[in-house]
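The lines below spell out each chain.
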Amino acid sequence: MSSNIKLIAGTSNPPLADAIAEYLGLRLAQTNIRRFADGEVGVEILENVRGEDTFVIQPTSFPTNDTLVELLVTIDTLKRSSARRITAVIPYYGYARQDRKSAPRSPITAKLVANLITVAGADRVLTMDLHAMQIQGFFDIPVDNLFAAPVLVNDLRERLSVHGKMPEDITVVSPDVGGVVRARHLARRIDADLAIIDKRRARAGDSEVMNIIGDIKGRHCLIIDDMVDSAGTLCNAARAMMDDGAASVAAYCTHGVFSGKAVERIESSALTSVTCTDTIAATEAVASCEKIRKLTIAPLLAEAIARISQERSVSSLFT
């Protein structure tokens, strides 16, 4: 690996940053990231980065505002230290759900965050499974949006395939109409049927399952989503499918946000398991929950970082 790459880890997900560095055969740059008494973020890079190709690894997960400001300050630090190129590696892009005006006099915060990252001095962004694909267009700098589907599909095949073939009684389920493209793509890769949950959302974090589009009776159902936050929608969907005759219900997602009482809901739900990647660091409650499984996307991110540094194709990683 080229010696002019500098990996800078924020405080949001140190285990992921360590795994990426190990895969690349590099070490993380020495930094001093601290909080002042009033909560202000201070960042100091403790080694030379002049002329270097730098990558800041920082998911903007909980506490979202703190991790976002830390990312911005780190980017500004690198810019003022004469780094040749700054890539913001944001495995989980916070505020992605605020991608449009959902009501009068409401913000498009995903665009605001894109502006902040750009103005701070980032030259490009590397992220994973954006909640809405149009967020790429919110940036005026290049954005590489990776997909976790290859990691999820490999895990499904390892767990479920028999003599190299997937069982015929599996149905992939999209939890809403907006996720159909994602679910259909994964269903095609494992040669499974597709079903869709028709739900009504009264307000953020509160939804009701209205209909299940597709035959799921006697089927082993896999709910595919980009993230699980409060897990209310997920658990409601699992219960509705079991009541409709499903043989079992499991879930696969990229981002395990698991806020509030999400872990408790999952533990007491009809779900057999919830599998997510390590874009967001696991809390103690998540790590101790027997129903939650973690897959690592460190090799995928590391390979993308290597290809960006070498000016090679990134899209070929998931085509």
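One can find the structure itself at the top, above this paragraph.
All values reported here derive from a predicted model rather than from experimental measurement. (Residues numbered from 1 in each chain as written. Predicted model: local features only at pLDDT ≥ 70, side-chain atom pairs only at ≥ 80, totals over all residues. Heavy atoms only, no water.)

## Some details on the sheet that holds strand 6 (residues 124-128)
Okay, step 1: Reading across the sheet, the 5 strands line up as 1-4-5-6-7 and stay open at both edges, with parallel pairing between neighbours. Each end of this open sheet is capped by a strand with a single partner; those strands are strand 1 (5-9) and strand 7 (143-146). On average, each strand axis in the sheet is inclined to that of its neighbour by 20°, with strand direction left out of account.
Okay, step 2: Here strand 4 (residues 53-57) runs beside strand 5 (residues 85-90); their pairing, made up of 5 bridges, is parallel. Its bridge partner being in strand 5, Asp 53 is matched across the sheet by Arg 85.
Okay, step 3: In the packing of helix 1 (residues 14-24) onto the sheet, contacts are made with strand 1 and strand 4, and the angle to strand 1 comes to roughly 160°.
Okay, step 4: On top of the sheet, helix 9 (residues 298-309) reaches strand 1, strand 4, strand 5, strand 6 and strand 7; it is set at about 160° to strand 6, its chief contact. (Pairing = 2+ DSSP bridges. Helix = DSSP H or I, 4+ residues; strand = E, 2+ residues; numbered from the N terminus. Axes fitted to C-alpha atoms, helices over the stretch in contact; angles between N-to-C directions. Contact = heavy atoms within 4.5 Å.)

## A short note on the nonpolar core
Okay, step 1: Counting residues in each nonpolar core, the largest one holds 43 residues, and the members touching the most others are Ile 20, Leu 146, Ile 190 and Leu 301.
Okay, step 2: Among the elements that make up this core, the one with the highest residue count is helix 9 (8 residues).
Okay, step 3: If near-sequence neighbours (up to four positions away) are discounted, Leu 146 is found in contact with Leu 126, Thr 127, Met 128, Asp 129, Leu 300, Leu 301, Ala 304, Val 314, Leu 317 and Phe 318.
Okay, step 4: Grouped together as the second largest cluster of nonpolar side chains are 33 residues, Ile 86, Ala 88, Ala 110 and Ile 135 included. (Core = buried A, V, L, I, M, F, W, Y, C linked by side-chain atoms within 4.5 Å. Buried < 20%, exposed > 50% of the residue type's maximum accessible area, 1.4 Å probe, protein only.)

## So, helix 3 (residues 109-120)
Okay, step 1: With 12 residues, helix 3 ought to run about 16 Å at 1.5 Å a step, and its terminal C-alpha atoms sit 16 Å apart, in line with that.
Okay, step 2: Among the residues of helix 3, those classed as buried are Thr 109, Ala 110, Val 113, Ala 114, Ile 117 and Ala 120. Seen end-on, helix 3 carries its buried residues on one side only, within an arc spanning 150°.
Okay, step 3: Where helix 3 is buried, its residues contact helix 2 (64-80), strand 5 and strand 6.
Okay, step 4: Looking one or two residues beyond helix 3, the residue adopting positive phi is Gly 121, at roughly 125°. (Expected span 1.5 Å × (residues − 1). Arc of directions from axis to C-beta.)

## A closer look at empty space enclosed by the protein
Okay, step 1: Counting across every chain of the model gives 1 cavity of 30 Å³ or more.
Okay, step 2: Its boundaries defined by the atoms lining it, the largest cavity holds a volume of some 40 Å³.
Okay, step 3: Every residue lining the largest cavity is listed: Tyr 92, Tyr 93, Ala 96, Met 128, Asp 129, Leu 130, His 131, Met 227 and His 255.
Okay, step 4: Residue composition of the lining of the largest cavity, by class: 6 nonpolar, 2 polar and 1 charged. (1 Å grid on protein atoms, 1.4 Å probe; cavity = no way out; pocket = protein on both sides within 12 Å on 5 of 7 lines; lining within 4 Å. Points joined across faces, edges and corners; volume = space filled by probe spheres on them. Nonpolar A, V, L, I, M, F, W, Y, C, P; charged D, E, K, R; others polar.)

## Here we look at the pairing of strand 13 (residues 274-277)
Okay, step 1: Side chains Val 274 and Cys 276 project from strand 13 onto one buried face, and the interleaved Thr 275 and Thr 277 project onto a second face that is buried too.
Okay, step 2: For strand 12 (residues 248-256) and strand 13, the ladder comprises 2 bridges, and the chain directions are parallel. When the sheet's bridge partners are listed, Ala 251 is paired in strand 13 with Val 274.
Okay, step 3: Handedness of the crossover joining strand 12 and strand 13 through helix 7 (residues 262-267) is recorded here as right-handed. (Right-handed = clockwise from strand over helix to strand, strands pointing away.)

## Some thoughts on the pattern of salt bridges
Side chains that carry opposite charge are capable of pairing whenever their charged atoms lie near each other.
Okay, step 1: One pass over the structure, following the stated rule, counts 15 salt bridges.
Okay, step 2: Residues Asp 53 and Arg 84 are paired through a salt bridge, measuring 3.9 Å at the closest nitrogen-oxygen approach. Highlighted residues: Asp 53 in strand 4 and Arg 84 in the loop between helix 2 and strand 5, separated in sequence by 31 residues.
Okay, step 3: What makes Arg 84 partly exposed here is its relative accessible area of 46%.
Okay, step 4: Here Arg 239 and Asp 243 are joined by a salt bridge, their closest N and O atoms 3.5 Å apart. With a gap of 4 residues between them, Arg 239 and Asp 243 both fall in helix 6 (residues 232-243), about one helical turn apart.
Okay, step 5: Judged by relative accessible area, Asp 243 falls into the exposed class, the value being 59%. (Salt bridge = Lys/Arg side-chain N within 4 Å of Asp/Glu carboxyl O.)

## Regarding the environment of Val 172
Okay, step 1: In this structure, Val 172 sits in strand 8 (residues 170-174).
Okay, step 2: For Val 172 and Ile 216, which are 44 residues apart along the polypeptide, the C-alpha to C-alpha distance reads 9.5 Å.
Okay, step 3: In contact with Val 172, other than residues within four places in its own chain, are Ala 183, Leu 186, Ala 187, Ile 190, Ala 192, Asp 193, Leu 194, Ala 195, Leu 222 and Ile 224.

## Section: the layout of surface pockets
Okay, step 1: Taken as a whole, the second largest pocket holds about 190 Å³ of empty space.
Okay, step 2: In terms of lining, the second largest pocket is formed by 15 residues, of which the most central are Leu 160, His 220, Leu 222, Ser 248 and Ala 250.
Okay, step 3: Mapped by element, the contributors of at least two residues to the lining of the second largest pocket are helix 4 (149-160), strand 11 (220-228) and strand 12.
Okay, step 4: Broken down by element, the residue count for the lining of the second largest pocket peaks at 4 residues, all from strand 12.
Okay, step 5: Considered class by class, the residues forming the lining of the second largest pocket number 9 nonpolar, 4 polar and 2 charged.

## Considering the packing of helix 4 against helix 5 (residues 180-189)
Okay, step 1: Taken N-terminus to C-terminus, the directions of helix 4 and helix 5 make an angle of 45°; their axes are 10 Å apart at the nearest point. Taken as axis vectors, helix 4 and helix 5 run oblique relative to one another. The handedness of the crossing between helix 4 and helix 5 comes out as right-handed. Across the interface between the two elements, Ala 149, Pro 150, Leu 152, Val 153, Leu 156 and Arg 157 from helix 4 touch His 185, Leu 186 and Arg 189 from helix 5.
Okay, step 2: Partitioning the contact of helix 4 with helix 5 into residue classes produces 6 nonpolar, 1 polar and 2 charged. (Parallel < 35°, antiparallel > 145°, perpendicular 65-115°, else oblique. Left-handed = near helix turned anticlockwise from the far one by under 90°.)

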